[in-house]
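Listed below are the residues making up each chain.
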Amino acid sequence: MASKANRRKFLQAAGMGVAATAAIQSTLPAAPAESTSAARRVKIIAISGSPRKGKTTAAALTVCLEAAKAVDPERIETELIELADMKLNGNMAAGIPLEPGQQDDFPALAAKLAAPTVAGIVIGSPVYFGCMTSLCKAFLDRCIALRMRKFALANKVGGAVAVGAVRNGGQELTLQAIQAAMMCQEMIVVGDGRPTAHTGATVWNNGKDDISKDEFGLGTVKNLGRRVAEVALKMAGSAK
Ligand SMILES: Cc1cc2nc3c(=O)[nH]c(=O)nc-3n(C[C@H](O)[C@H](O)[C@H](O)COP(=O)(O)O)c2cc1C
């Protein structure tokens with residue numbers, strides 16, 4: 001209010017009348033509607049790149065989404081998507097067409113991820129020989145279609161989860177490979193938040209498809225979920 005009055009005074013002092021002042025002011029951008037955007041609801045989606053449905057990667061992502069939701073249960077909606085349920089042809093990323101009759105579930109998944117309400121995406125993969133699974137890579141490669149569609153994933157918050165059968169079996173390299181793909185999409189990559197605060201969630205499957213004893217790993221999973229949610233809410237409060 002005070003700044004508007006000051007600007008009017010300045011323009012009047014500069015010799016401009018009321019009509020000219022109004023014309024100039026009409027070219028100014030409207031003030032952001034802070035109260036509306038601050039209350040925006042956001043969706044955080046977790047994607048499991050394991051070919052085994054409902055196993056350790058899915059379990060870790062479920063914990064991650066619970067931690068994300070806990071940040072603001074009123075505003076945050078979550079969903080777990082398992083690539084094991086889908087047919088994804090990685091070669092299509094290079095423009096190679098499907099064989100006649102072949103099914104491909106990527107278009108529906110892409111539309112879901114590109115929705116403006118989706119503010120955060122967590123991608124989890126088992127560690128396979130030191131890196132992500134071929135299923136996870138096929139999915140990330142197919143996302144080139146979203147990059148070509150005016151960077152439809154830009155400014156969505158990205159986090160990564162890696163689950164291995166060994167405590168240090170390649171989780172960090174797996175995280176970095178997922179994050180590299182996220183950066184190519186102009187996503188905003190975050191790691192696990194405080195107090196662990198490193199490059200993402202690193203989880204250990206004790207060999208019996210059980211991650212419940214991995215106290216440290218589950219800590220990184222929860223800290224990642226919370227961090228993705230916090231940054232997603234901040235991003236939802238600002239213009240894209
Ligand atoms: C082909 C293959 C390669 C694997 N390579 C590694 C590895 O390099 N490092 C590791 O820690 N675990 C490795 N594992 C174990 C899986 O990462 C581990 O069992 C994981 O929890 C599986 O995730 P899921 O339960 O979601 O399927 C490998 C498993 C398979 C099948």
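What you see is a predicted model; the values in this text were computed from it and never measured.

Visitor: Got a sec to walk through the overall build of the chain? Specific residues and values, please.
Guide: Counting secondary structure elements, the chain contains nine helices and six strands. Relative to its 240 residues, the chain shows a buried fraction of 42%. The long-range fraction of contacts in the chain, counting pairs at least 24 apart against all pairs at least 6 apart in sequence, stands at 76%. Of the accessible surface of the chain, which amounts to about 12800 Å², a share of 59% is contributed by carbon and sulfur atoms.

Visitor: Please set out the pairing of strand β3 (residues 118-126) residue by residue, giving values where relevant.
Guide: With nine of nine residues buried, β3 is to be regarded as a mostly interior element. Taken together, the six bridges between strand β1 (residues 42-48) and β3 define a ladder with parallel strand orientation. Following the sheet pairing, Ile45 is matched in β3 by Ile121.

Visitor: Please give an account of the site of the ligand that cites residues and values.
Guide: As a matter of local geometry, the ligand sits amid 16 residues, with Ser50, Arg52, Thr56, Thr57 and Val127 nearest to it. Note that an oxygen atom of the ligand is positioned 2.8 Å from one of the side-chain N or O atoms of Arg52. Across the complex, the protein chains shield 77% of the 640 Å² of accessible surface that the ligand would expose by itself. Residues of the shell around the ligand, tallied by class, amount to seven nonpolar, seven polar and two charged.

Visitor: Which residues make up the side chain of Ser48, and what are the values?
Guide: As for its position among the elements, Ser48 is in strand β1. Here the side chain of Ser48 touches Ser50 through a polar contact of 3.3 Å, landing on its backbone nitrogen. Ser48 has contacts with Thr57, Ala58, Leu61, Ile81, Glu82, Leu83 and Gly124, leaving out every residue within four places of it along the chain.

Visitor: Residue-level account of the pattern of salt bridges, with values.
Guide: Under the criterion given, the structure shown has 10 salt bridges. Between Asp209 and Arg52 there is a salt bridge, with its nearest N and O atoms 2.7 Å apart. One end of the pair, Asp209, is in the loop between β6 (201-204) and α9 (215-236); the other, Arg52, is in the loop between β1 and α4 (56-71), and 157 residues separate them in sequence. By relative accessible area, which is 34% here, Asp209 ends up partly exposed. Among the residues examined, Arg52 registers a relative accessible area of 37% and is labelled partly exposed. Between Lys112 and Glu79 there is a salt bridge whose closest N-O contact spans 2.6 Å. Highlighted residues: Lys112 in helix α5 (residues 106-114) and Glu79 in strand β2 (residues 76-82), separated in sequence by 33 residues. Overall, the relative accessible area of 34% leaves Lys112 in the partly exposed class.

Visitor: Quick one: what's the story with the confidence of the model for the chain, residue by residue and with numbers?
Guide: With 82% of its residues at a pLDDT of 70 or more, the chain has an overall mean of 88. For the chain, the element scoring lowest by mean pLDDT is helix α2 (residues 18-26), at 40; β3 scores highest, at 99. In this model residues 5-38 is a low-confidence stretch, pLDDT under 50, and it forms 12 contacts with partners more than four residues away in sequence or in other chains.

Visitor: Tell me about α4, and please be specific about residues and values.
Guide: Taking 1.5 Å as the rise per residue, α4 with 16 residues should run 22 Å; its terminal C-alpha atoms sit 24 Å apart, in good agreement. If you follow the buried residues of α4, they end up packed against β1, β2, β3, β4 (157-164), β6 and α9.

Visitor: How would you explain unusual backbone geometry if you had to name every residue and give the values?
Guide: Of note, the bond from Arg194 into Pro195 is cis; its omega dihedral lies within 30 degrees of zero at 0°. Phi at Phe129 takes a positive value of approximately 45°, unusual for a residue other than glycine. Within the secondary structure, Phe129 sits in the loop between β3 and α6 (134-142). Look at Asn155: it is not a glycine, yet its phi comes out positive at around 70°. Relative to the helices and strands, Asn155 is located in the loop between α7 (144-148) and β4.

Visitor: Describe the packing of α4 against α9, naming the residues involved and giving the relevant values.
Guide: The contact between α4 and α9 brings their axes to 7 Å, and the two run at 45°. The angle between the axes of α4 and α9 places the two elements in the oblique class. Between α4 and α9 lies a crossing whose hand is right-handed. Side by side, α4 and α9 meet where Ala60, Val63, Cys64, Ala67, Ala68 and Val71 of the first sit next to Leu218, Val221, Lys222, Leu224, Gly225, Arg226, Ala229, Glu230 and Leu233 of the second.

Definitions and cut-offs
- Throughout this document, residue positions are counted from 1 along each chain, in the order its sequence is written.
- pLDDT decides what is reported in this predicted model: residues at 70 or higher carry local features, side-chain atom pairs at 80 or more are listed and counted, and totals for whole chains, interfaces and linings draw on all residues regardless.
- Working from all heavy atoms in the structure, the side-chain values ignore hydrogens and water.
- Segments assigned H or I by DSSP are reported as helices when at least four residues long, segments assigned E as strands when at least two residues long, and all are numbered from the N terminus.
- Between buried and exposed lies partly exposed: a residue is buried under 20% and exposed over 50% of the maximum accessible area for its type, with that area taken using a 1.4 Å probe on protein chains only.
- Residue contacts are counted whenever heavy atoms from the two residues lie within 4.5 Å of one another.
- A 1.4 Å probe and the Shrake-Rupley method give the accessible areas. Residues count as covered only by the protein chains that appear here.
- When DSSP locates at least two bridges between a pair of strands, those strands are taken to pair.
- Note on terminology: near, applied to a residue and a molecule or strand, indicates that one of the residue's heavy atoms is within 4 Å of it.
- We define a polar contact as two N or O atoms separated by no more than 3.5 Å, with the added condition that, inside protein, one atom must be a possible hydrogen donor and the other a possible acceptor, whereas residues neighbouring each other in sequence contribute only through side-chain atom pairs.
- The classification used treats Ala, Val, Leu, Ile, Met, Phe, Trp, Tyr, Cys and Pro as nonpolar, Asp, Glu, Lys and Arg as charged, and all other residues, Gly among them, as polar.
- A side-chain nitrogen of Lys or Arg and a carboxyl oxygen of Asp or Glu constitute a salt bridge if their distance falls within 4 Å.
- The predictor's confidence in any single residue is recorded as pLDDT, a number from 0 to 100.
- By this rule the span expected of a helix is its residue count minus one, scaled by 1.5 Å.
- Axis definition: a line fitted to C-alpha atoms, limited for helices to the stretch in contact. Angles are taken between N-to-C directions and run from 0 to 180 degrees.
- Orientation categories follow fixed angle ranges, with anything under 35 degrees roughly parallel, anything over 145 roughly antiparallel, 65 to 115 roughly perpendicular, and all other angles oblique.
- Working rule for handedness: look at the near helix, and if it is turned counterclockwise from the far one by less than a right angle, call the crossing left-handed; if clockwise, right-handed.

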